[in-house]
Amino acid sequence: MKVLTVDTEVNPEHPASGASVPKRPAPRLPGREPELGRLTGLFPVVLGGAAASAVLAGEFGMGKSAVLRTAGALAANAGFTVATATGSRLESHLAGGLVRQLADALEGPGAPPRPPVAELCGAAGESEALDLFFRIVRDAAERGPLFLGIDNIHLADAWSMRCLAYLRSRVLDLPVLLVLTSVIGYPPHREVALLDMVGSTPVTITLNGLGDAAAAEILGLAPGELASACREATGGNPVLLQALRPRLLPGADPHELGSSLIGQVLTTRVQEFPHAPAILHAAAILGEDAGFDLLARLAGVDELDALQAIDTLVRLHVLNNSDQPTLTYSFVRNSLLKDMPQTTRAVNHSRAAKLLTEAGAPPERVAAHLLEATSIRIPWAVDVLRLSARDAVFSGRSELAARHLRRALEERLTSGRRMAVLLQLAHAEFQFDPPGAAKRVREAVDTVGNRETAAYIATAMLLSLCGGQDARLGISAAGQIAARLDAGGPDAVWPLLCMTYLAEAGSRLGPPPEFRDFEEQWAPLTDPAAQRSRSALLALDAVRSGESAPDAVGHFADALSQAGAPPRAGAPDSPSPRRLNSDDGGELFEQHYFFTLATAVLADEPAHVDRLCRVLDVEREPWDVHVPHGALPTLARGIALQASGDLQRASVHFESLLRRFDERGGTTTCPVGVLCAAKLVECWVDLGRFEAATSLLDRMDFVASQGLFTHTYLLYARGRLRVATGYTRFGFEDLLSCGRRLAHHGMRFPGFVPWRAHAARAALALGQTDDAARLAEEDINASARWGAARPLGTALTTLGLVREDDEAERALQKAITTLRSSPARLQLATALTELGTLQSRHGQSEKAIETLRQAVELSEQCGARPLARRAAEELRSSRRALTPAKDNEHGLTRQENRIAVMAAQGLTNREIATALHLTRRTVELHLSGAYRKLGIPGRAELGGALAKSSQRVDGR
């Protein structure tokens, strides 16, 4: 063992400290070298003939006694006479206990005979006793330097403290070093204060926790993460580290270890303080949930008494000095818990869970105590455990969720609730044990009792698992349960089959299952829920076929009209504890695939949008944990606002909602979150906020979301942004990819995303006119089949861009007429801009000015800054073209004069059109205007008329 030694020369004034005193090695205390150095730094002062004092203070187990013993050994090696005494709780009532220990150590063989100090303590001759103790110390100091060490001074009897206080001022000129140790924060004891015993300027040394290196040495470990974790669990307290060492088995977590012996010792040490043991045990039970009111209530202590006990424990460094007076170290908490009988712990944890529930604590905190209350039946615990498990899965802690759900299964459950818990447990275990999850699903199917309850719970699972492999698990479970319910007839199984179909359709990239397989079961349906499901599937079929907008809108309206009904009597067990007895029929529109298509179809139907928002705006929590409360009606309203051209208000809806999806981590993984992000990007592109749109897309995970149906919309939004910011080729490819995904899915509905319209524009910009014409033709055919104003008007606008002359103008005129009958103001502004631009190019400046004026006004109302700037530029150009040229007297416009001069030079109409990038029809219109203004019948007279006009101008 390493030792500390102090080499000191013999002081000639103190022959008793001569070399005949053998030096004894002092054991090394890891990490306490600085504190020992401060104590040994007082040795030269005392050896010089002056008194000194020091106080070692620290919490329980911090090594005060060990430091004092080592300091005494070092003092002995330095030539000091060492006398030590130790205070004891059991002897604190015995007068003179410490003084007796010191006197016995100081009175050597050559001391003069005197009455024992014990005989005078507490007797009538108090002054004689005090003086006797002083003479004993003085005589010893005269023989050589004196080291008086008193351990646990806070436990000393009052008479001994009085003797030390009496001694202090009388040994100032004697070589006496007085070292006391005390527990930090210990309440003042009797009538003598610490400063009365050591003076006003003692060296105060506070022993703090050891560092990582010293902790590792005590534990016999190499410095590293394990040693650091052990130091953190014990606060570097040497006694706690020594207690931890034999329990530190391979793979053990230091923060989960404890010693029942330490728990017993700590409980015993605080017994002298009223109510402290009860508060201490309550703090151990509550852990991080410890608050003043909860501590008092769990301990069963009056608030004022609890406050006094907490104050004492904080001062003793047993509890943290914070708003949450938790135990200072996890090892201490675990030790106290290990010292409790198991039943006591379980009952107290159940009481803590109840108190936390009443205080509105998060389910996760309540569930932590319910896990420990294993032997107590708590019926209300099931809902809390399920909520906590739901949140744990959401945050990626599936194994913790499984623990909560297994605890829930220990309660007495109805068959329906057991089935719900088993399915939820299957989802949690699916994240880390897929075979085990499959077994749980089969176990859940075997518990099917009430058909209505089983269908309801399976539906909940489908709606909770929104995408990826989770959705496949939900579909598998629902399919097995549907097979069990099939014997109950179509009314019993139809709603579940419908939800299963929607889940499967929305979770696969390829075509959904064959819809017509269900038709033969339609006739006998009588239950409202089954009829609602039938309307939903008919709407979906109409959308996918792309054949009839009125049929699709009608079926969606039927499904909406049947939703929102009051709960049926005897509603089934709740599949989610936050959704007790919910049966409003809105679950169809909460299904992400159905919601996405419904909002796209109904965006131009204000009455139906209002109805949809009312159905979705319910008090209960959404089924999908990633979807914030109230998100679906907010998103539906934002989509309708965007469709009406109210871009600013729509973006506010999307932005506020996206922040909530970000908080839940669902922006890139939840289908509804992806849809919200894509809609916001599209909105920002139309608003001209390209940097914001780019930043949002940069943080989207295109790989994680590519398995979702709404990923198609994300591709569309990125394609539009790339085209708008000059990355036309990349944007064109995104838009084509969007079309390919929709075609592979069998989605012919042209209004979901107008990808062809923007792809055609990109193709024109790239010079691929054939591709543009093909896309425009496909778009007009699909939109004509569908029959709604918005997609048809958009397709007609695109057609006007790829056609020439009169055909282009007729297409644009028809687009404007069509769009005026819909709420699609932004699309109308786009059509007006394209028509005005065409009219200006054809020399119809007056018509162009009026058309473009409307376009500017409408696009500014929508907030579409890029479109408004383009329309304004075309408007200025048209006004300039209408201004007469200054070099002719017949009022020819600049364009008319230019074309007339080229015709007079012998160029044909085709050659003029090619040179000026105009159509032949436009050239003909400009020439006709020039003939009329010059008063000539035709081209033959054009040269002479222009020459005469030029001469008259020159003559002026």
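Residues numbered from 1 in each chain as written. Predicted model: local features only at pLDDT ≥ 70, side-chain atom pairs only at ≥ 80, totals over all residues. Heavy atoms only, no water.

Some remarks on the overall build of the protein chain
When you go through the protein chain residue by residue, the secondary structure sums to 48 helices and seven strands. Evaluated residue by residue, the protein chain yields a buried proportion of 55% over its 956 residues. Within the protein chain, counting contacts between residues at least 6 apart in sequence, those at least 24 apart form 68% of the total. Here the protein chain has roughly 40600 Å² of accessible surface; of this, 51% comes from carbon and sulfur atoms. (Helix = DSSP H or I, 4+ residues; strand = E, 2+ residues; numbered from the N terminus. Buried < 20%, exposed > 50% of the residue type's maximum accessible area, 1.4 Å probe, protein only. Contact = heavy atoms within 4.5 Å. Areas by Shrake-Rupley, 256 points an atom, 1.4 Å probe, with all protein chains shown as cover.)

What about the environment of P628?
Mapped onto the elements of the fold, P628 is located in the loop between α30 (606-616) and α31 (631-643). For P628, a relative accessible area of 1% puts it in the buried group. In this structure, the C-alpha to C-alpha distance between P628 and E663, residues 35 residues apart in sequence, is 9.3 Å. Excluding its chain neighbours within four sequence positions, the residues that come into contact with P628 are P622, R660, F661 and R664.

Focus on the nonpolar core
Here is a general trend for soluble globular proteins: nonpolar side chains tend to be buried in one another's company. F589 and W755 are the most contacted members of the largest nonpolar core, which has 251 residues in total. Top element by residues in this core is helix α33 (residues 671-687). It accounts for twelve residues. Excluding anything up to four places from it in sequence, W755 contacts Y716, L735, L736, C738, G739, L742 and L775. Core analysis: the next-biggest nonpolar cluster, separate from the first, contains 34 residues, A129, F133, W159 and V176 among them. (Core = buried A, V, L, I, M, F, W, Y, C linked by side-chain atoms within 4.5 Å.)

Remarks on unusual backbone geometry
Even without glycine at this site, N152 takes up a positive phi of about 60°. By the secondary structure assignment, N152 is in the loop between β5 (146-151) and α7 (158-168). In this model, H317 sits at a positive phi of 65°, which is unusual for a non-glycine residue. Within the secondary structure, H317 is located in the loop between α15 (303-315) and α16 (330-338).

A closer look at the sheet that holds β5
Read from one edge to the other, the open sheet built from five strands follows the order β4-β5-β6-β3-β7, with strand pairing classed as parallel. Two strands bound the open sheet, and with one partner strand each, they are β4 (81-86) and β7 (203-206). For this sheet the average axis-to-axis angle between neighbouring strands, irrespective of direction, equals 15°. Sheet analysis places strand β3 (residues 52-58) next to strand β6 (residues 176-183), joined by seven bridges and oriented parallel. Bridging from a neighbouring strand, A52 pairs with L177 of β6. Across the sheet, helix α3 (residues 64-77) touches β3, β4, β5 and β6, and the angle it forms with β5 is around 170°. (Pairing = 2+ DSSP bridges. Axes fitted to C-alpha atoms, helices over the stretch in contact; angles between N-to-C directions.)

Quick notes on the packing of helix α26 (residues 528-545) against helix α27 (residues 549-561)
Close contact between α26 and α27 brings their axes to 8 Å; oriented N to C, the two are set at 155°. One finds that α26 runs roughly antiparallel with respect to α27. In terms of crossing hand, the pair formed by α26 and α27 is left-handed. Residues R532, S535, A536, L538, A539, A542 and V543 of α26 pack against A552, H555, F556, D558 and A559 of α27. Taken together, the residues that form the contact of α26 with α27 break down as eight nonpolar, two polar and two charged. (Parallel < 35°, antiparallel > 145°, perpendicular 65-115°, else oblique. Left-handed = near helix turned anticlockwise from the far one by under 90°. Nonpolar A, V, L, I, M, F, W, Y, C, P; charged D, E, K, R; others polar.)

A closer look at α7
Along α7, the residues classified as buried are A158, W159, S160, M161, C163, L164 and L167. Of the residues that open α7, the one with a side-chain oxygen 3.2 Å from the backbone nitrogen of W159 is D157. (Polar contact = N/O pair within 3.5 Å; in protein donor to acceptor, adjacent residues only side chain to side chain.)

A look at the pattern of salt bridges
Using the criterion set out here, one finds 39 salt bridges in the structure. Between R231 and D212 there is a salt bridge; the shortest N-O distance is 2.7 Å. Here R231 is found in helix α10 (residues 225-234), whereas its partner D212 is found in helix α9 (residues 212-219), with 19 residues between them in sequence. D771 serves as the salt-bridge partner of R774, at 3.8 Å between the closest nitrogen and oxygen. Here the residue R774 and the residue D771 both occupy positions in helix α39 (residues 769-786), the gap between them amounting to three residues, near one helical turn. We classify R774 as partly exposed; its relative accessible area is 39%. (Salt bridge = Lys/Arg side-chain N within 4 Å of Asp/Glu carboxyl O.)

With respect to the pairing of β3
Taken across its seven residues, β3 has seven buried, putting it largely inside the fold. By the alternation rule, side chains of β3 split into A52, A54, L56 and G58 and S53, V55 and A57, which are all buried. Looking at chain direction, β3 and β7 are connected through four bridges and run parallel. Bridged to V55 within β7 is T204.

Side note on the packing of aromatic side chains
The full count for this structure, using the stated rule, is seven aromatic pairs. Three or more aromatic residues joined by ring pairs form one cluster here, namely F556, F589 and F594. Above the ring of Y166, the side-chain terminus of R170 is found at 3.6 Å from the ring centroid. (Phe/Tyr/Trp six-rings, centres within 6.5 Å; stacked < 30°, edge-to-face > 60°. Lys NZ or Arg CZ within 6 Å of the ring centre and 35° of its normal.)

Notes on the environment of W684
Mapped onto the elements, W684 comes out in helix α33. Apart from the residues within four sequence positions on either side, W684 is in contact with S651, E655, R689, A692, A693 and L696.

So, α3
With 14 residues, α3 extends 20 Å from end C-alpha to end C-alpha; this agrees with the ideal 20 Å at 1.5 Å per step. Buried residues dominate α3, accounting for eleven of its 14 residues. All of the buried residues along α3 are K64, V67, L68, T70, A71, G72, A73, L74, A75, A76 and N77. Directly after α3, the chain includes G79, whose backbone phi takes a positive value near 100°. (Expected span 1.5 Å × (residues − 1).)

Regarding the confidence of the model for the protein chain
For the protein chain, the mean per-residue pLDDT works out to 84, and 86% of the residues sit at or above 70. The low-confidence segment residues 1-21 (pLDDT under 50) makes 38 contacts with residues lying over four places distant or belonging to another chain. (pLDDT = per-residue confidence, 0-100.)

What to know about the packing of α30 against α31
At a minimum axis distance of 8 Å, the contact between α30 and α31 shows a crossing angle of 165°. As far as their axial angle goes, α31 and α30 are roughly antiparallel. Between α30 and α31 lies a crossing of left-handed hand. Two secondary-structure elements touch here, α30 through V609, D610, L612, C613 and L616 and α31 through L632, P633, A636, R637 and A640. Here the contact of α30 with α31 is composed, by residue class, of eight nonpolar, no polar and two charged.

Digging into the side chain of S53
Along the chain, S53 turns up in strand β3. Excluding residues that lie within four positions of it along the chain, S53 makes contacts with L42, L177, L178, V198, P202 and V203.

Brief notes about the environment of M461
Structurally, M461 can be placed in helix α23 (residues 451-464). Through-space distance from the C-alpha of M461 to that of A477 is 8.4 Å; in sequence the pair is 16 residues apart. Once residues lying within four places of it in the same chain are set aside, the contact partners of M461 are L423, H427, L473, G474 and A477.

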